[in-house]
Amino acid sequence: MDVRLRIAGAADAEAIRTLTREAYAKWVPIAGREPLPMQADYHEAVTRHRFDLAYVGEALAALIETVPEGDQLLIVNVAVRPGFQKRGLGVRLLKLAEHLADEAGLKGTRLYTNKLFAENIRLYESLGYHIESEETLPVGVRVNMAKPASAYLIRPATGADLPLVRSWRERPHVRRWWGDPELEPEAEKLADPRIGLFLAAREGRPFAFIQDYDVHGWTPHHFGHLPPGSRGMDLFIGEPDMLGQGHGSRILRQFVDALFARGVPAAGIDPHPDNAAAIRAFEKAGFRIASGPLETQWSRALLMERRPG
Ligand SMILES: CC(C)(COP(=O)(O)OP(=O)(O)OC[C@H]1O[C@@H](n2cnc3c(N)ncnc32)[C@H](O)[C@@H]1OP(=O)(O)O)[C@@H](O)C(=O)NCCC(=O)NCCS
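**Quick notes on the pairing of strand β11 (residues 231-237)**
Here's step 1: The buried count for β11 comes to 6 of 7 residues, which makes it a mostly enclosed element.
Here's step 2: Bridge analysis of strand β10 (residues 205-214) against β11 gives 7 bridges, and the strand direction is antiparallel. Its bridge partner being in β11, Ile210 is matched across the sheet by Leu235.
Here's step 3: Inspection of the sheet shows β11 paired to strand β12 (residues 267-269) by 3 bridges, in the parallel sense. The residue bridging Arg231 from the neighbouring strand is Ala267, located in β12.
Here's step 4: Between the parallel pair β11 and β12, the chain is carried across by helix α10 (residues 247-261), and the sense of this crossover is right-handed.

**Remarks on the site of the ligand**
Here's step 1: Neighbouring residues of the ligand: 22 residues in total, closest Gly248, Ser249, Ala276, Ala277 and Arg280.
Here's step 2: Within the residue set of the shell around the ligand, elements represented by two or more residues are α8 (172-178), β11, α10 and α11 (276-284).
Here's step 3: Here the element with the most residues in the shell around the ligand is α11; it accounts for 6 residues.
Here's step 4: In the shell around the ligand, the residues fall into 11 nonpolar, 8 polar and 3 charged.

**Quick word on the sheet that holds strand β14 (residues 300-306)**
Here's step 1: The strand order across the open sheet built from 7 strands is β8-β9-β10-β11-β12-β14-β13, with neighbouring strands paired in mixed fashion. Every interior strand has two partners, whereas the edge strands, β8 (153-156) and β13 (288-295), have only one. Put simply, the sheet's adjacent strands are angled 30° from each other on average, direction ignored.
Here's step 2: Contacts from α10 reach β8, β9 (195-202), β10, β11, β12 and β14 within the one sheet, and its direction differs from that of β11 by about 150°.

**A closer look at the nonpolar core**
Here's step 1: Ranked by internal contacts, the top residues of the largest apolar core, which has 72 residues, are Ala62, Leu63, Leu93 and Ala97.
Here's step 2: Shared between two domains, this core holds at least three residues of each, these being domain 1 (3-148) and domain 2 (153-306).
Here's step 3: With near-sequence residues (within four places) excluded, Leu63 lies in contact with Ile16, Leu19, Phe51, Asp52, Leu53, Ala54 and Ala79.

**Let's talk about the sheet that holds strand β7 (residues 140-148)**
Whether parallel or antiparallel, the strands of a sheet pair through hydrogen bonds between backbone atoms.
Here's step 1: Read from one edge to the other, the open sheet built from 7 strands follows the order β1-β2-β3-β4-β5-β7-β6, with strand pairing classed as mixed. Each of the sheet's edge strands pairs with one partner strand only, and the pair in question is β1 (3-7) and β6 (130-137). Taking the axes of each pair of neighbouring strands and ignoring which way they run, one obtains an average angle of 25° across the sheet.
Here's step 2: Direction of pairing for β1 relative to strand β2 (residues 50-56): antiparallel, over a ladder of 5 bridges. Of the residues in β2, the one forming a bridge with Val3 is Val56.

**Looking at the packing of helix α5 (residues 89-103) against α10**
Here's step 1: Running from N to C, α5 and α10 point in directions that differ by 125°, and their axes come no closer than 9 Å. With respect to their mutual orientation, α5 and α10 come out oblique. The handedness of the crossing between α5 and α10 comes out as left-handed. Here Arg92, Lys95, Leu96 and His99 of α5 lie close against α10, whose contacting residues are Asp257, Ala258 and Ala261.
Here's step 2: Taken together, the residues of the contact of α5 with α10 break down into 3 nonpolar, 1 polar and 3 charged.

So, how was this worked out
Residues numbered from 1 in each chain as written. Predicted model: local features only at pLDDT ≥ 70, side-chain atom pairs only at ≥ 80, totals over all residues. Buried ≥ 20, exposed ≤ 12 C-beta atoms within 10 Å, placed from the backbone. Helix = DSSP H or I, 4+ residues; strand = E, 2+ residues; numbered from the N terminus. Pairing = 2+ DSSP bridges. Right-handed = clockwise from strand over helix to strand, strands pointing away. Near = placed C-beta within 6 Å. Nonpolar A, V, L, I, M, F, W, Y, C, P; charged D, E, K, R; others polar. Axes fitted to C-alpha atoms, helices over the stretch in contact; angles between N-to-C directions. Contact = placed C-beta atoms within 7 Å. Core = buried A, V, L, I, M, F, W, Y, C linked by C-beta atoms within 7 Å. Domains from an automatic or database assignment. Parallel < 35°, antiparallel > 145°, perpendicular 65-115°, else oblique. Left-handed = near helix turned anticlockwise from the far one by under 90°.

Here it is in structure tokens:
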């Protein structure tokens, strides 16, 4: 299913209202009233909250409405048009909200639902939400649920990060696989629109570097067979005390999950065939060996790929 995401503007308010009313209609007989999102003023909400809209082909199929509240991102409303339900769109948008919370440096996401909507509570629990509290309101019992942020803060690198990245590239354990730090300097990559550079931090300490790139930005490219929009990537852990503890595979999984939540159709990674630790770490992050070993224009490589699902 080809899903396109975009952030809503003021002109989308009516479409948001229509979709939300359709999606929540099934709860009216259970709640004995219209759930609050059916009655909200979306002309006003769209000016204060972020709405991410998911299109399948030309059709608006789903949306998620979020707003930072304190140190968490509140999911105000997630709605999938009835004809598009049960196809993974809701989960995808909920995961998008988690990544938005991560990117904003927030401590996680939270949401609330009606206690009578048991199916929703089960879904949220399966995604890692836990019930924080229940409140008895005049309109029914509200269940407050929350999910903590991902373990790593992954953010785009800036020019100010380059000395740190350079110091990591000089470390023997990185040099061994990434080569001479003078080659392919990060300053050049920062200015290249085909490439994204990121730092991963845990508990406020940056310790790893990720670069990702458009696999169709070079011709030929050994990942050129992947669908348009696919990203290739490389990573290293810069701080030696963070090696070999599962961080590499978990960062990569988190990074690729965020790409998939934004609609990237496939990811590729190309470790050196002798780099057994990297190959194992990438397998743990959900990548499978697709072909190789082969000689690319950059180095000898094993091609590993991961797709959503
Ligand atoms: C590759 C890298 C990102 C992996 O991150 P990491 O946090 O160290 O890796 P993880 O702990 O998640 O997983 C490593 C796995 O390889 C295994 N491993 C380590 N050394 C190994 C070796 N010599 N042979 C086989 N397996 C090995 C580990 O046991 C572990 O698997 P397990 O959990 O099943 O026991 C990191 O080691 C690194 O930065 N290396 C230097 C730069 C580099 O090689 N980058 C990749 C370039 S493509």
